[in-house]
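Overview (structure and organization)
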Amino acid sequence: MKIIKTIEKVKKLIKESKEKNLSIGFVPTMGYLHDGHISLVKRAKKENDLVVVSIFVNPLQFGPNEDYERYPRDIESDIKILKKNGCDILFLPENKELYKEQLVIINIIELSEKLCGLSRPTHFQGVLTVVAKLFNIITPSRSYFGEKDYQQLLIIKKMVDDLNFDTKIVPCPIVREKDGLAMSSRNSYLSPDERKKSTILYRSLLKGKEIIKKTGDIENAKNVIKDMIESVNPTKIDYIEIYDEKNLKEINEKTKYCRIFLAVFFGKTRLIDNMRVKIK
Ligand code: PAF
């Protein structure tokens with residue numbers, strides 16, 4: 001595995017690979033890799049000749065009072081994991097390599113004004129800006145994103161369509177711990193007590209799914225989920241929403257699949273999760 005820190009060097013390597021007609025699978029990450037990330041790398045390996053992973057904790061997508069400084073980092077362990085799982089190139093830029101005098105910011109309207117965008121108003125601008133830069137540097141054939149960050153996935157897909165990026169976005173299923181907690185680098189912040197409580201997210205999603213499937217009663221599903229989550233005394237419920245998964249709009253007669261979306265604070269840690277439900 002080659003570890004490359006500069007844009008110039010990684011572009012040169014990519015150019016050489018493209019001259020050999022190699023397809024490139026790209027997995028952008030912020031590091032502190034877990035089985036969720038590994039599933040993306042493995043999928044990319046299966047479907048492409050060359051796998052590029054980036055690790056960059058992107059300051060632009062963190063709000064002023066968020067966890068940029070304390071975001072978990074363990075580059076030595078990440079390198080071992082990537083070597084073991086077939087990554088060919090690790091792109092590991094420093095902050096000053098990616099951001100010089102960044103005056104252009106990519107913004108998206110509508111899709112970003114709900115769910116996580118409400119409590120993190122500049123988050124998706126930061127995500128889109130860094131992902132657009134990375135797409136331009138790596139020029140991947142396919143790019144892999146987890147469905148845990150479903151709103152992010154939809155927003156990136158829209159950017160790729162609207163701005164004519166030449167990469168195929170490949171959504172990958174959520175990977176869960178044995179007790180159902182969706183894998184996330186931020187799970188490492190949880191105290192043992194918070195970790196125990198956090199399993200309520202998955203259990204309440206399953207219950208919500210069951211209610212929607214049985215009765216189609218969205219409001220009741222939301223209320224039952226809220227009661228279940230409140231029963232473990234979380235620090236705060238940020239949102240519980242159920243939307244059409246195509247456009248994050250309210251469900252209507254055309255909706256085929258909806259998704260239940262949750263964001264809940266346990267201590268200072270904000271966890272998100274979601275589940276797809278086929279409408280009756
Ligand atoms: O999902 C993430 O880890 C990040 O938002 C991403 C896509 C790597 C952009 O920084």
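Keep in mind it's a predicted model, so treat the numbers as computed, not measured.

So, about the site of the ligand. Around the ligand, a shell composed of P28, T29, M30, N58, Q61, V127, V130, F145, D149 and Q152 is seen. Contact distances for the ligand include 2.6 Å between an oxygen atom and a side-chain N or O atom of Q61. Measuring from an oxygen atom of the ligand, one finds a side-chain N or O atom of Q152 at 2.8 Å. Notes on the ligand: free accessible area 290 Å², of which the protein chains cover 88%. Those elements giving two or more residues to the shell around the ligand turn out to be strand 2 (24-29) and helix 6 (123-138). Each residue belonging to the shell around the ligand can be placed in one class, and the counts come to 5 nonpolar, 4 polar and 1 charged.

Right, let's get into the nonpolar core. In terms of nonpolar packing, the biggest core is built from 45 residues, with V52, V131, F135, I138, I156, M159 and L248 touching the most fellow members. Those elements that provide at least two residues to this core are helix 1 (7-19), strand 2, strand 3 (50-55), strand 4 (89-91), helix 6, helix 7 (150-162), strand 7 (236-244) and strand 8 (257-266). Of all the elements, helix 6 adds the most residues to this core, at 10 residues. In this structure, I156 is in contact with V127, L128, V131, F135, F145 and I169, ignoring residues within four places of it in sequence.

Our next topic: the sheet that holds strand 7. Judged by pairing direction, the sheet is antiparallel, and its 3 strands sit side by side in the order 7-8-9 without closing on themselves. Looking at the sheet topology across the chains shown, the edges are occupied by strand 7 and strand 9 (269-278). Neighbour to neighbour, the strand axes of the sheet diverge by 10° on average, direction disregarded. Note that strand 7 and strand 8 share 8 bridges and pair antiparallel. Bridge pairing in strand 8 places Y239 opposite A263.

Below, the discussion takes up the pattern of salt bridges. Any two side chains of opposite charge can pair, so long as their charged atoms come close to each other. Within the structure shown, the criterion is met by 22 salt bridges. Residues K15 and E19 are paired through a salt bridge, measuring 3.5 Å at the closest nitrogen-oxygen approach. Linking K15 with E19, this pair stays in helix 1, spanning 4 residues, or about one helical turn.

Turning our attention to unusual backbone geometry. The phi angle at N21 is positive, at roughly 65°, despite the residue not being glycine. Structurally, N21 is set in the loop between helix 1 and strand 2. Judged by relative accessible area, which is 68%, N21 ranks as exposed. Even without being glycine, N233 reaches a positive phi, approximately 55°. Within the element layout of this structure, N233 appears in the loop between helix 10 (218-230) and strand 7. Classification of N233 as exposed rests on a relative accessible area of 59%.

Attention shifts here to the side chain of N48. Note on placement: N48 falls in the loop between helix 2 (35-47) and strand 3. Within the structure, the side chain of N48 is placed 2.8 Å from the backbone oxygen of A44, a separation counted as a polar contact. A distance of 2.6 Å separates polar atoms of two side chains, one belonging to N48 and the other to R142. Apart from the residues within four sequence positions on either side, N48 is in contact with S23, I24, G25, S141, R142 and Y144.

The rules behind each value
Residues numbered from 1 in each chain as written. Predicted model: local features only at pLDDT ≥ 70, side-chain atom pairs only at ≥ 80, totals over all residues. Heavy atoms only, no water. Near = heavy atom within 4 Å. Polar contact = N/O pair within 3.5 Å; in protein donor to acceptor, adjacent residues only side chain to side chain. Areas by Shrake-Rupley, 256 points an atom, 1.4 Å probe, with all protein chains shown as cover. Helix = DSSP H or I, 4+ residues; strand = E, 2+ residues; numbered from the N terminus. Nonpolar A, V, L, I, M, F, W, Y, C, P; charged D, E, K, R; others polar. Core = buried A, V, L, I, M, F, W, Y, C linked by side-chain atoms within 4.5 Å. Buried < 20%, exposed > 50% of the residue type's maximum accessible area, 1.4 Å probe, protein only. Contact = heavy atoms within 4.5 Å. Pairing = 2+ DSSP bridges. Axes fitted to C-alpha atoms, helices over the stretch in contact; angles between N-to-C directions. Salt bridge = Lys/Arg side-chain N within 4 Å of Asp/Glu carboxyl O.

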